[in-house]
Amino acid sequence: MARGGVLYTLATSCHGRGRGVADPVVGVGACFPSTAGRGERGAGVYGGSRRCENLSCRAPLLPVPWPQLSPAAWPQARSRLSRSQGCGGYRWWSQPTSARQSVQTAQSIRSSRACGSGSRRGSVAMSSLLYYALPALGSYAVLSVFFLRRPRLLHTPWAPVFLPRLGAHRAGSGERLEHTMEAMENSMAQRCDFLELDCQLTRDGVVVISHDKNLSRQSGVNRDVDSLDFEELPLYKQQLEVYFSPGRFAHGSDRHIVRLEDMFQRFPRIPVSLEIKEENEELINKVADLVRHFDRNEITIWASVKGSVMKKCRAANPEMPFSFTISRALWLVLLYYLGLLPFVSIPERFFFCFLPTIINRTYFPFSCSGLNQLAAAVSKWLLMRKGLIHHLQQRGVQVVFWCLNEESDFEVAYGLGAAGVITDYPTALRRYLDNRGGAAQAS
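Notes on the structure in this doc start here. (Residues numbered from 1 in each chain as written. Predicted model: local features only at pLDDT ≥ 70, side-chain atom pairs only at ≥ 80, totals over all residues. Heavy atoms only, no water.)

Notes on the overall build of the protein
Scanning the protein for helices and strands turns up 13 helices and 14 strands. Considering only residue pairs separated by 6 or more positions, the protein has 62% of its internal contacts joining residues 24 or more positions apart. Accessible surface, the protein as shown: approximately 23,900 Å² in total, 56% of it carbon and sulfur. (Helix = DSSP H or I, 4+ residues; strand = E, 2+ residues; numbered from the N terminus. Contact = heavy atoms within 4.5 Å. Areas by Shrake-Rupley, 256 points an atom, 1.4 Å probe, with all protein chains shown as cover.)

Shown next as structure tokens:
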């Protein structure tokens, strides 16, 4: 090749058997010894079997672009060049910039393809999830609403023994002294359907009707019921403040604490809700025995706010119907909003619940009035649902609300479809029911 031309030297093995890789350089003023005439492969600058010994003809060598090899061919070429023996092979040879760029480009393409395939797989998985999940959720929602309105297709409803339209809280504590025989007589005169009572046990094992275990509020005597015999129990005060009506007081001539046995004898067929407040197994067993003795299993209701107490009550007398505890009521509301209530069995037969508006007017456990109002609003939004109450009624669960003596509360309770109302003022509730019945007949 002429001087100044482009020289491609082929780096091979000394024996000329290997397949070489072109190594381009530019030789400006390069000289070639006698080996050029012999046609020896590999002769020339930076790669011949002999080097040019004419130092006077040295000229600067200018690199030219390397041939573009595929990225996969560079490691093999490098390995062959490094194995060259005595032929001036490049032992410190490395990929040129263009080749490195090619490798980087190939790697970026592969990574982008991998990312693209991953995103495609993710989109396919998401589309598959939506394809199956959305119809499943839609079907679940439709079935839940359908069976919520028609629960009898899945469950056999409880047959109610009595309809609790009018209930007297603490036997009618707003008009007579609470839990006295006089209060019970007054409630029966107002044609109450059932009585709400609380039970305690004396030291000598007598079951008495008393809301508080300590008698200081009721009688002024700071003694517990279980620390006294029945004959030692003090009389009630001459007036007692009504629990749900602060500032109002009830009066009465009868001030004696009543035995549960005496109440059963006096009103043998009047339905009663008996609330047990503590895990007193002796008290629970004695109440269960009295109910059996007077043949009141179907018309006497177990009531308690604690699940552990209710468990013992049900074990003592499983024939008696029972109401929801606080934990079970919260679970009921949760199942309702999740749409699972139509598919769950309900062993309770009564749902006693405070009307949230009266709780807000009387008592909430927070010291801040704003929190009390917020709690009342949230509880009202959660509980005051016609769909929930209607579903319970369709399954034979009687829903009863605690109210005051105001007609607005009665309107709310019965407007929601409640089976009955418990109040401290049975006279006011009876008057409302009579007027409501007369208006209904006139219409």
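Once you've had a look at it, read on.
Some words on the environment of phenylalanine 343
Mapped onto the fold, phenylalanine 343 is located in the loop between helix H8 (326-338) and strand E12 (350-354). Note on phenylalanine 343: relative accessible area 39%, which makes it partly exposed. As for phenylalanine 343 and phenylalanine 147, which are separated by 196 residues in sequence, their C-alpha atoms are 8.1 Å apart. Not counting residues up to four positions away in its chain, the partners in contact with phenylalanine 343 are Tyr140, Leu143, Ser144, Phe147, Leu154 and His155. (Buried < 20%, exposed > 50% of the residue type's maximum accessible area, 1.4 Å probe, protein only.)

Observations concerning helix H3 (residues 181-189)
Since one α-helical turn is 3.6 residues long, residues separated by three or four positions face the same way. Within H3, the full set of buried residues consists of Met181, Ala183, Met184, Asn186, Ser187 and Met188. Positive backbone phi, approximately 60°, marks arginine 191, located one or two places after H3.

Some remarks on the pairing of strand E14 (residues 420-423)
Strand residues, when the strand is regular, have side chains that alternate between the two faces of the sheet. Alternating positions in E14 separate into two faces, Gly420 and Ile422 on one and Val421 and Thr423 on the other, with burial throughout. For strand E4 (residues 166-169) and E14, the ladder comprises 3 bridges, and the chain directions are parallel. Bridge pairing in E14 places glycine 167 opposite isoleucine 422. Sheet topology places strand E13 (residues 398-402) next to E14; 3 bridges connect them, and they run parallel. In the strand pairing of E14, tryptophan 402 is matched with isoleucine 422. Chirality of the crossover, the property in question, places the unit of E13, helix H12 (residues 407-415) and E14 among those that are right-handed. (Pairing = 2+ DSSP bridges. Right-handed = clockwise from strand over helix to strand, strands pointing away.)

Some points on the nonpolar core
Counting 78 residues, the largest nonpolar core has Trp302 and Phe401 as its most contacted members. With 6 residues, the single largest contributor to this core is helix H6 (residues 281-293). Aside from chain neighbours lying at most four places away, what touches phenylalanine 401 is Cys353, Phe354, Leu355, Met384, Ile389, Ala413, Leu416, Ala418, Gly420, Val421 and Ile422. One finds Leu177, Leu215, Phe230 and Leu240 within the second-largest nonpolar core, a separate group that totals 11 residues. (Core = buried A, V, L, I, M, F, W, Y, C linked by side-chain atoms within 4.5 Å.)

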